[in-house]
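# Architecture at a glance
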Amino acid sequence: MAQHRNFIGGRFVEPSASVGIDVRNPADGAVFTSVPAASDADVIGAVEAARDAQKAWRVLPSIQRGDALRRLADALERHAPAIGAALARESGKSVADATAEAIYGVELMRYHAEWARRVEGEVIESDTPNETLMLKREPIGVVACLIPFNFPIYTLVRKIAPALITGNAVVVRPSNTTPTSAFAFAQAVLEADLPAGLINIMTMSHETARTMCTQPSVGMITLTGSVTAGQTVLDYCKANIAKPSLELGGKTPVIVEPDADLDLVARLILSAKTAHCGQVCTSAERLYVHASVHDTLVEKLRTGFAARRFGDRAGDPDLMGPLANAAARDRIHAMVERAKAEGATVEAGGAVPEGPGYFYPPTLLSSCRQDMEIVREEVFGPVLAVIPYDTFEQALAFASDHQFGLASVLFSENYRKVMQAANEIEAGELYINRFPADPYQGYHAGWKKSGLGGDDGKHGMLEFTQTRLVILKH
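One structure accompanies this document, and this report is about it.

How each quantity is defined
- Residues numbered from 1 in each chain as written.
- Predicted model: local features only at pLDDT ≥ 70, side-chain atom pairs only at ≥ 80, totals over all residues.
- Heavy atoms only, no water.
- Buried < 20%, exposed > 50% of the residue type's maximum accessible area, 1.4 Å probe, protein only.
- Helix = DSSP H or I, 4+ residues; strand = E, 2+ residues; numbered from the N terminus.
- Contact = heavy atoms within 4.5 Å.
- Axes fitted to C-alpha atoms, helices over the stretch in contact; angles between N-to-C directions.
- Parallel < 35°, antiparallel > 145°, perpendicular 65-115°, else oblique.
- Left-handed = near helix turned anticlockwise from the far one by under 90°.
- Nonpolar A, V, L, I, M, F, W, Y, C, P; charged D, E, K, R; others polar.
- Salt bridge = Lys/Arg side-chain N within 4 Å of Asp/Glu carboxyl O.
- Patch = residues over 30% accessible without salt bridge, like charges linked within 9 Å, V, L, I, M, F, W, Y side chains within 5 Å.
- Areas by Shrake-Rupley, 256 points an atom, 1.4 Å probe, with all protein chains shown as cover.
- Pairing = 2+ DSSP bridges.

### Digging into helix H12 (residues 392-400)
Two residues of an α-helix separated by three or four positions point the same way, owing to the 3.6 residues in each turn. Among all positions in H12, only Phe 392, Ala 395, Leu 396, Phe 398, Ala 399 and Ser 400 are buried. Buried residues belonging to H12 abut strand S12 (252-256), strand S13 (284-290), strand S16 (383-389), strand S18 (407-411), helix H13 (415-424) and strand S20 (447-448).

Below, the structure is given as C-alpha cells:
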C-alpha cells in the first residue's frame, strides 16, 4: 500500500499514531490503502500553523495573493494526472472524468485569482457633516473546510480558493471515503511554495474533526454535505460563534411542459441522472411531467434507463460507475422497496446486482405521489421518481412543496411560464432547458434545508470576508 501523510505547516508529517483509515475502491469493494487518522494534537497544531501563516498572508497586497493562487493553479495542472489517477481509484470515476475534475479545479483556481483586484468595500454618505463612512472587507482568519466524497477536488478548490484570495488560511478535512486525491493535491501545494501553514490537509475521525473545528482561532466553517452533517457543523459553530457556510441536501425538481422536445429531455435526463451514479447534489430526483406527454416521456425514459450499462469504469469509461459504499446502496435499495410498497411502479432497474462493487442500476419509478418518501427525501443515487401534473401552477406548487431548495429545472419554450417560474420557484437556482452544472461565476446557494450561504462568483467569494465600518470625522 502507498504511504500517505497529513500535510501540516507546509510539510508532510509522520503519523503521530498507528491508527489508520481504510480506503476502498467502490468498483470492487476492496481496501487498496489506508490514510493516517490525525490526532487532536495534530489538528490543534495545524490550526495554530494556519493562524500564524494568516497574520502575514492577510497584509500582503491582494495582487500578490493572486499571483500565489496562479502558481498553485499551475502546479495543480502539472499534477492533474496524478490527482486524477488517485481520484479515479477511490471514487469509481473514469480516469478521464477524474482528471477533468482536477483540470476544472485549475480553472476555478485561476478564476478566483482574478478577484485579487476586485475585493471592494464601500463609501457611504453620513448624516453628520464633515464625516465619511467607509465599509471595509476583511478576512475572517482561519477557515475549516469540510469536503464531500462526490467531487472532492472540485469542492476543495471551490472552498480554499476564495478563502485564500480574501486573506484567510485554511485547515481542510477531506472525506474519509475519497482522501487520497487530497494528498495528491497537497503535493501540488508543496510545489507551489506557498507560505507554510497557509493550507493544511488532514484525514481524521469525526471526533477529531470536532476538535479542529472548535479551536478558538477557527472563525468560519464551510461544509458541503448532508443536512445531518450541517446540523453537526452548526453545533461546532456555537463554540466560537463561527460563521457557517453550508451546502446541504438537494432534491432537484424537473418540470416538463407539453411544448418541450421530449427526445432531448429524455436524453438529458438519462445523462444527468446517471452521472457519477446520481451522487450529485443537484441531480434530478423529482420529475414532474404534464399529463398530456407523461406516458410518451416515461416510455422514452424506460428504454434509456434499461439500456444504460453500469460497471467498473477502469475497464470501460462509458459505463455508469458505482455508489460510494455498501451502506449507500443498502439505503437506496430500501427506499426503492418502500416506494414499491407505497404504490410506485418500477419501470426499470430496482434490483441489487450480483458481484463485487457497490453498483446499483438506473432505476425509474412511475405512479409516484408527492407524499411518498421517495419524493420527500434525498436519494443521492441513480433513482428517478416521476409524477404527472395537470396545470403549470400545480407543477410549480409541487416543485416548491419541499424541505429542500437547491436547484430546479424547467423545460418549456413559453417565456411567460419561464418568467413565472423564475419569480416563484422556491430554489436557489433555476435552469431553463438544461441540467445543472454550476457556473463558477454564478452563485450556488440553497434555500430552506439546502443550506446557509453559498459558493461561487462574487457573492461566494465575499462569504469569506467580514466587514469593518470606519467612521471618519474630518
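### What to know about the packing of helix H8 (residues 262-274) against helix H9 (residues 291-307)
Across the interface, H8 lies against H9 with an axial gap of 9 Å and an inter-helix angle of 45 degrees. Looking at the two axes, H8 sits oblique to H9. Relative to H9, H8 is oriented so that their crossing is right-handed. Each of Leu 262, Asp 263, Val 265, Ala 266, Ile 269, Leu 270 and Lys 273 in H8 lies in contact with H9, whose residues at this interface are Val 293, Thr 296, Leu 297, Lys 300, Leu 301, Gly 304 and Phe 305. Grouping the constituent residues of the contact of H8 with H9 by class yields nine nonpolar, two polar and three charged.

### Some points on the pattern of salt bridges
Considering all chains together, one arrives at 27 salt bridges under this definition. Notably, a salt bridge pairs Asp 316 with Arg 309, separated by 3.2 Å at the nearest N-O pair. Among the residues examined, Asp 316 registers a relative accessible area of 22% and is labelled partly exposed. When its relative accessible area of 49% is taken as the criterion, Arg 309 is described as partly exposed. Via salt bridges that share partners, Asp 74, Glu 77, Glu 107 and Arg 110 belong to a single interconnected network.

### Description of the packing of helix H4 (residues 152-165) against helix H5 (residues 180-191)
How two helices pack is summed up by the angle between their axes together with the distance between the axes. At a closest axis distance of 9 Å, the pairing of H4 and H5 adopts a crossing angle of 50 degrees. Taken together, H4 and H5 sit at an angle that is classed as oblique. In the packing of H4 onto H5, the handedness of the crossing is right-handed. In this structure, H4 uses Pro 152, Ile 153, Leu 156, Val 157 and Ile 160 to contact H5, whose residues at the interface are Ser 181, Ala 182 and Phe 185. Split by residue class, the contact of H4 with H5 holds seven nonpolar, one polar and no charged.

### Description of a nonpolar patch on the surface
Together, Ile 124, Leu 469 and Ile 471 give the surface a local cluster of nonpolar side chains, amounting to about 250 Å² of exposed area. Relative to the assigned elements, Ile 124 resides in strand S5 (residues 122-125). On the accessibility criterion, Ile 124 (33% relative accessible area) is partly exposed.

### Focus: the pairing of strand S15 (residues 363-366)
Neither face of S15 is left uncovered, since the one carrying Thr 363 and Leu 365 and the one carrying Leu 364 and Ser 366 both have all their residues buried. Bridge count for strand S14 (residues 345-348) against S15 is three bridges, and the pairing is antiparallel. Residue pairing across strands places Thr 345 opposite Ser 366, the latter belonging to S15. Of the pairings in the sheet, the one linking S15 to S16 comprises three bridges and is parallel in character. Following the sheet pairing, Leu 365 is matched in S16 by Ala 385.

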